[in-house]
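Descriptive structure summary
Here are the chains, one letter per residue:
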Amino acid sequence: MKYTVIGILGSDICSTNTAMEAVQVVLKQIPLSEKNAKKFENRLQNAKQNTTIYIEYGGTSCAVKVLKK
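Read on for a plain summary of the structure. (Residues numbered from 1 in each chain as written. Predicted model: local features only at pLDDT ≥ 70, side-chain atom pairs only at ≥ 80, totals over all residues. Heavy atoms only, no water.)

Looking now at the packing of helix 1 (residues 19-29) against helix 2 (residues 34-46). Taken N-terminus to C-terminus, the directions of helix 1 and helix 2 make an angle of 135°; their axes are 9 Å apart at the nearest point. Here helix 1 is positioned oblique relative to helix 2, judged by the angle of their axes. The interaxial crossing formed by helix 1 with helix 2 has right-handed handedness. Packed against helix 1, whose contacting residues are Ala19, Met20, Ala22, Val23, Val26 and Leu27, the element helix 2 presents Ala37, Phe40, Glu41, Leu44 and Gln45 at the interface. When grouped by side-chain class, the residues that make up the contact of helix 1 with helix 2 number 9 nonpolar, 1 polar and 1 charged. (Axes fitted to C-alpha atoms, helices over the stretch in contact; angles between N-to-C directions. Helix = DSSP H or I, 4+ residues; strand = E, 2+ residues; numbered from the N terminus. Parallel < 35°, antiparallel > 145°, perpendicular 65-115°, else oblique. Left-handed = near helix turned anticlockwise from the far one by under 90°. Contact = heavy atoms within 4.5 Å. Nonpolar A, V, L, I, M, F, W, Y, C, P; charged D, E, K, R; others polar.)

As structure tokens, this is what we get:
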């Protein structure tokens, strides 16, 4: 799968090849606890292709598009 990270301002930040890399980019945008970061990574790994997964922290959100390679 390919993961495209959408930043807090709504623009595409980057594309990654693994869910873990996508979570690392999201962590640069919003602070997440280790537990929540792991949950988000699991959600990305289990997501169907062509979906968008959102994560929110304190009224600010990021999203990751899950795409086919």
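After that view of the structure, there is still more to cover.
Moving on, we come to the pattern of salt bridges. According to the stated counting rule, one finds 1 salt bridge in the structure shown. Between Glu41 and Lys38 there is a salt bridge, with its nearest N and O atoms 3.9 Å apart. Linking Glu41 with Lys38, this pair stays in helix 2, spanning 3 residues, or about one helical turn. (Salt bridge = Lys/Arg side-chain N within 4 Å of Asp/Glu carboxyl O.)

Another aspect to go through is the nonpolar core. The biggest cluster of nonpolar side chains holds 18 residues, and the ones touching the most others in it are Tyr3, Val26, Phe40, Leu44, Ile55 and Val64. Counting only elements with at least two residues in this core, the list comes to strand 1 (2-6), helix 1, helix 2, strand 3 (51-57) and strand 4 (60-67). Tallying contributions element by element places helix 1 first for this core, with 5 residues. Other than its neighbours up to four places away in sequence, Tyr3 contacts Cys14, Ser15, Thr16, Asn17, Thr18, Ala19, Ala22, Leu44, Gln45, Val64, Lys65 and Val66. (Core = buried A, V, L, I, M, F, W, Y, C linked by side-chain atoms within 4.5 Å. Buried < 20%, exposed > 50% of the residue type's maximum accessible area, 1.4 Å probe, protein only.)

When its relative accessible area of 11% is taken as the criterion, Glu41 is described as buried. In contact with Glu41, not counting residues within four places along its chain, are Ala19, Met20 and Val23.

Read these as spatial facts, not as claims about activity.
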